[in-house]
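Listed below are the residues making up each chain.
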Amino acid sequence: EDQVTQSPEALRLQEGESSSLNCSYTVSGLRGLFWYRQDPGKGPEFLFTLYSAGEEKEKERLKATLTKKESFLHITAPKPEDSATYLCAVQAGSGYALNFGKGTSLLVTP
Amino acid sequence: GAGVSQSPSNKVTEKGKDVELRCDPISGHTALYWYRQSLGQGLEFLIYFQGNSAPDKSGLPSDRFSAERTGGSVSTLTIQRTQQEDSAVYLCASSLRGQNIQYFGAGTRLSVL
């Protein structure tokens, strides 16, 4: 059975304090790994898709990387507006559904 | 253009009543998905539509749950004889055919009393 595990469950950072969020996965036939951001009361907002080990993508202070077992979302010099829940999901096999982890709740304090 | 639109944004119902949740996908998106997000749980897949057909209904938790899509656009998720464990946020997403990025609406928060 496909599994997606995110860690830590919650993370509190000072503004400017860089860190990484982890997403480990066990799937058969990975077709894509997705990172989303979710603010309270809103739906998930797409950030990145990664397709193969070694791939990296960047957007502003965020950088996503992928290995054969896990993905990292690196946050460089975070700001309070980066506070949100970050969700990792995988798409595998012949299906179209996304299999989500439970998310990491990030709080960045001034 | 407009994003995925869901209505109502909040729904409070009594146990045993039926509810209908609506999703309006992004114009031109042929694929549509329903997910459920319960407190403390991750998003759970419910059903996938390609056009008006539902090739994957594997996530529907019981036969009280059904969904349809008409005109390749609007979709309705119906929950019959609601139970307290049905309380959750129901999210809809859509994507272009052949593209796997799913864009989500804001969800419908369902509370069953």
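As a reminder, the structure under discussion sits directly above these lines.
Quick notes on the rules
Residues numbered from 1 in each chain as written. Chains lettered and ligands numbered in written order. Predicted model: local features only at pLDDT ≥ 70, side-chain atom pairs only at ≥ 80, totals over all residues. Heavy atoms only, no water. Helix = DSSP H or I, 4+ residues; strand = E, 2+ residues; numbered from the N terminus. Buried < 20%, exposed > 50% of the residue type's maximum accessible area, 1.4 Å probe, protein only. Disulfide = S-S within 2.5 Å. Phe/Tyr/Trp six-rings, centres within 6.5 Å; stacked < 30°, edge-to-face > 60°.

### Quick look at the environment of Ser52 of chain A
Residue and element names in this part refer to chain A. By the element assignment, Ser52 lies in the loop between strand 5 (45-50) and strand 6 (56-59). Relative accessible area serves as the criterion here: at 42%, Ser52 is assigned to the partly exposed category. Taking C-alpha positions, Ser52 is 6.9 Å from Leu66, a pair spaced 14 residues apart along the chain.

### Considerations on the state of the cysteines
All names here are of chain B. Tallied over the full model, the rule gives 2 disulfides over all chains. Paired through a disulfide, Cys23 and Cys92 show a sulfur-sulfur distance of 1.9 Å. On the sign convention where negative means left-handed, the S-S torsion of about -65 degrees between Cys23 and Cys92 marks this disulfide as left-handed. Of this pair, Cys23 sits in strand 3 (residues 19-24) while Cys92 sits in strand 9 (residues 88-95); the two residues are 69 residues apart in sequence, bridging distant segments of the chain. Here Cys23 matches Cys92 in class, with each residue buried.

### Examining the packing of aromatic side chains
Residue and element names in this part refer to chain A. Scanning all chains against the criterion turns up 11 aromatic pairs over all chains. When the centroid spacing of 5.8 Å and the interplanar angle of 75 degrees are considered together, the rings of Tyr36 and Phe46 count as edge-to-face. You can see Tyr36 sitting in strand 4 (residues 30-38) and its partner Phe46 sitting in strand 5, a full 10 residues away along the chain. The two residues Tyr36 and Phe46 agree in class, both being buried.

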